[in-house]
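Summary of structural features
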Amino acid sequence: MGPLILNTRPETDSQDLEAALLARDYRLLSAPMLRIEFPACPNGLDLAGVQALIFTSANGVRAFARQNSDRHYPALCVGDATAHMARRAGFTDIQSANGDIEDLAGLIARHIDPKRGVLFHPAARKVAGDLGELLRGRNFDIRRQTVYDAVPSDRLPDDVITAIAAHHIDAVLFFSPRTAESFVKLIERHKLEKDLVDTRAICLSKAVQDRLDVLTWHKTEVAKYPTQEYLLSALDNAFA
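What comes next is a walk through the structure. Small disclaimer: the values here were computed from a predicted structure and weren't measured.

Take the side chain of R71 next. When you line up the elements, R71 lands in the loop between helix 2 (58-67) and strand 5 (75-77). One buried charged residue, R71, forms no salt bridge at all, with the nearest opposite charge on D70 at 6.7 Å. A distance of 2.6 Å separates a polar atom in the side chain of R71 from the backbone oxygen of N68. Sequence-distant contacts of R71, defined by excluding residues within four places in its chain, comprise F64, A65, A89, G90 and F91.

Our focus in this paragraph is the environment of V127. Here V127 shows up in the loop between strand 7 (118-124) and helix 5 (131-134). Between the C-alpha atoms of V127 and A150, which are 23 residues apart in sequence, the distance is 9.7 Å.

Let's shift gears to the environment of T8. Take T8: it is sitting in the loop between strand 1 (4-7) and helix 1 (15-23). In the structure, T8 is positioned 21 residues away from L29 in sequence and 8.8 Å away in space, judged by C-alpha atoms. A polar contact of 2.6 Å, which involves the side chain of T8, links it to the backbone oxygen of L173.

What counts, and where the lines are drawn
- Residues numbered from 1 in each chain as written.
- Predicted model: local features only at pLDDT ≥ 70, side-chain atom pairs only at ≥ 80, totals over all residues.
- Heavy atoms only, no water.
- Helix = DSSP H or I, 4+ residues; strand = E, 2+ residues; numbered from the N terminus.
- Buried < 20%, exposed > 50% of the residue type's maximum accessible area, 1.4 Å probe, protein only.
- Lys, Arg positive; Asp, Glu negative; His and termini not counted.
- Salt bridge = Lys/Arg side-chain N within 4 Å of Asp/Glu carboxyl O.
- Polar contact = N/O pair within 3.5 Å; in protein donor to acceptor, adjacent residues only side chain to side chain.
- Contact = heavy atoms within 4.5 Å.

Below, the structure is given as structure tokens:
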């Protein structure tokens, strides 16, 4: 049997990931650290004067698709997973950055003329970065509208608590700083801080790793680039 991996990603983002893990012969447990909610937008989406859409997550695409059927807008995506979701939703004019908000800001600055109109950003209630700040001084008009919420989990599943306490989990996957923060709070709540010394933390970015430094791990690995493919490579390398 392969190593036992704990997936902390929200259920909405886990189907392809867990299929890839099973194909690599890993065993799986799941403890989503965020619950994605899509509240109704009674007044719809404010798309007046919009020239393109900014998607910083696959859930942003899902939320937009729930609210609006128009797919003629260019879609500017933070990374390949978000771009894949945009294609599945029916968008055809798609550009993808390399997986983080700084790369997305660079893509926008290189390819978009701010004089042609507003950039619409369907976003979570809390966002990881500020595109407006990154594009300060370039005259972009970015209209952000909250279309979904990522609610931190308030508990660990019983089977996950048992596996951590028994030192059975070989690695935990972390895709975002908020996921890492939620995990740390629950580990501390259940007094499991000393039970990760044989466990590897596999992180999408240095920002994710920084949130986990308060815990003692066997080792931490950071993906070379912030994509699922590179995170899986980091996982494989951790057991090489």
